[in-house]
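Chain residues, written in single-letter form:
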Amino acid sequence: MDIRFVLPAGDERITRLVRFLYGRQFRVVRVCGAILLVAVAALVVTMAFAGVTATDVVVLVGAIVIAVAALGYPAWAERHIRRTQPWAAQSWRYRLGDDGVEITGAPATQYFAWDGIQRAHETPDDVYLLVGRYLAVQLPKHLLGAADLVELRAFLAGRGLSVGSR
């Protein structure tokens, strides 16, 4: 197998990668924020009937701040990674061979042997090769030709890394 392509710089790929790696955690944080907002609404109703004390106001304001922070955290995390990570604005050259995946860019060259790839997942836009729980090689499908994608799937299946969907 010898698949080569250039991954241009772009924010949308970083957004997709962050959402893929941290999507479950982001959902939990959003659900907790929504539950907290419901609790705030219940507290407001209770305060309306029972009277308001200074402690009630402090608890209410604190809960609102925490809920808004929880609901806004995923969007903030994506923007933060794009702003602070120099690799996010780089163009990268990929080479997928029989020995592994080599990724070369201006700041560094990375190499992942196939033995180090733990899982593979396919989404509508990308194929992800997971090296760890929060480390993945992102392969955008639009940069892989149809023949290359078929070859990659067959290669991964041959190595016991059949591509699953998430």
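Below, the structure is looked at part by part. These numbers were taken from a predicted model, which means no experiment stands behind them. (Residues numbered from 1 in each chain as written. Predicted model: local features only at pLDDT ≥ 70, side-chain atom pairs only at ≥ 80, totals over all residues. Heavy atoms only, no water.)

### A few points about the side chain of T123
Counted only if it meets this: The way it works is that DSSP assigns letters per residue, a run of H or I at least four long becomes a helix, a run of E at least two long becomes a strand, and they are numbered from the N terminus. For every residue, the accessible area obtained with a 1.4 Å probe (protein chains only) is divided by the maximum for its type, and the residue is called buried under 20%, exposed over 50%, and partly exposed between those limits. The contact definition used throughout considers only heavy atoms, calling two residues in contact when any of these lie within 4.5 Å.
Following the sequence through the fold, T123 ends up in the loop between β5 (119-122) and β6 (126-130). Overall, T123 belongs to the buried group, its relative accessible area being 15%. If we ignore the near neighbours within four places in the chain, the residues touching T123 are F20, Y128 and K141.

### Here's the deal with the sheet that holds strand β4 (residues 109-113)
Strand pairing in a sheet is mediated by backbone hydrogen bonds. Such pairs are either parallel or antiparallel. Stated precisely, the cut-off is as follows: For two strands to be treated as a pair, DSSP must find at least two bridges joining them. Lines fitted to C-alpha atoms define the axes here, with helix axes fitted over just the stretch in contact, and angles between the N-to-C directions of these axes take values from 0 to 180 degrees.
An order of β1-β2-β3-β4 is seen for the 4 strands of this open sheet, with the pairing classed as antiparallel. The sheet terminates laterally at β1 (2-7) and β4, the two strands that pair on one side only. Neighbour-to-neighbour, the strand axes of the sheet open up by a mean angle of 10°, direction not taken into account. As paired strands, strand β2 (residues 92-97) and strand β3 (residues 100-105) are joined by 5 bridges and run antiparallel to one another. Bridge assignment links Y94 to a residue of β3, and that residue is I103. Strands in contact with helix α3 (residues 146-158) are β1 and β2; relative to β1, the strand with the most contacts, it is inclined by about 120°.

### Some details on a positive patch on the surface
The cut-off we apply is this: A patch consists of residues whose relative accessible area exceeds 30% and which take part in no salt bridge; residues with like charges are grouped when within 9 Å of each other, and nonpolar side chains (Val, Leu, Ile, Met, Phe, Trp, Tyr) when within 5 Å. Here the Shrake-Rupley method, with its probe set to 1.4 Å, supplies the accessible areas, and only the displayed protein chains count as covering residues. The rule for a salt bridge is simple: a side-chain nitrogen of Lys or Arg has to be within 4 Å of a carboxyl oxygen of Asp or Glu. Charge convention: Lys and Arg are scored as positive, Asp and Glu as negative, and His as well as the terminal groups of each chain are ignored. By convention, charge coordinates are those of NZ in Lys, CZ in Arg, CG in Asp, or CD in Glu.
Taken together, the side chains of R24, R27, R30, R119 and R133 present a region of like positive charge at the surface. At 3 residues, helix α1 (residues 11-50) tops the list of elements feeding residues into the positive patch. Tracing the backbone through its elements, the reader meets R30 in helix α1.

### Focus: a nonpolar patch on the surface
A contiguous nonpolar surface patch, about 330 Å² in accessible area, is contributed by V52, V57, V61 and V65. Within the secondary structure layout, V61 lies in helix α2 (residues 54-84). Owing to a relative accessible area of 48%, V61 belongs among the partly exposed residues under this scheme.

### Comments concerning α3
To keep things clear, this is the line we draw: Expected span of a helix: the number of residues minus one, times 1.5 Å. Directions drawn from the helix axis to the C-beta atoms are what define this arc.
Compared with an ideal rise of 1.5 Å per residue, which puts 13 residues at 18 Å, α3 spans 18 Å between its outermost C-alpha atoms and is within 8% of the ideal. The set of residues buried in α3 consists of L149, L152, F155 and L156. Seen end-on, α3 carries its buried residues on one side only, within an arc spanning 125°. Among the exposed residues of α3, those oriented more than 90 degrees off its buried face are A146, A147, V150, A154 and G158. Contacts made by the buried residues of α3 are with β1, β2, β5, β6 and β7 (136-140).

### Section: the pattern of salt bridges
Scanning the model with the defined rule gives 5 salt bridges in all. Linking R4 and D2 is a salt bridge whose minimum nitrogen-to-oxygen distance equals 3.3 Å. E122 is paired through a salt bridge with R153; the nearest N and O atoms lie 2.3 Å apart. On the criterion of sequence distance, the pair formed by E122 in strand β5 and R153 in helix α3 is long-range, its members being 31 residues apart. Taking the relative accessible area as the measure of exposure, R153 reaches 34% and is therefore partly exposed. Here the salt bridges share partners, and the residues they tie into one network are E122, K141 and R153.

Interpretation in functional terms is not warranted from these geometric data alone.
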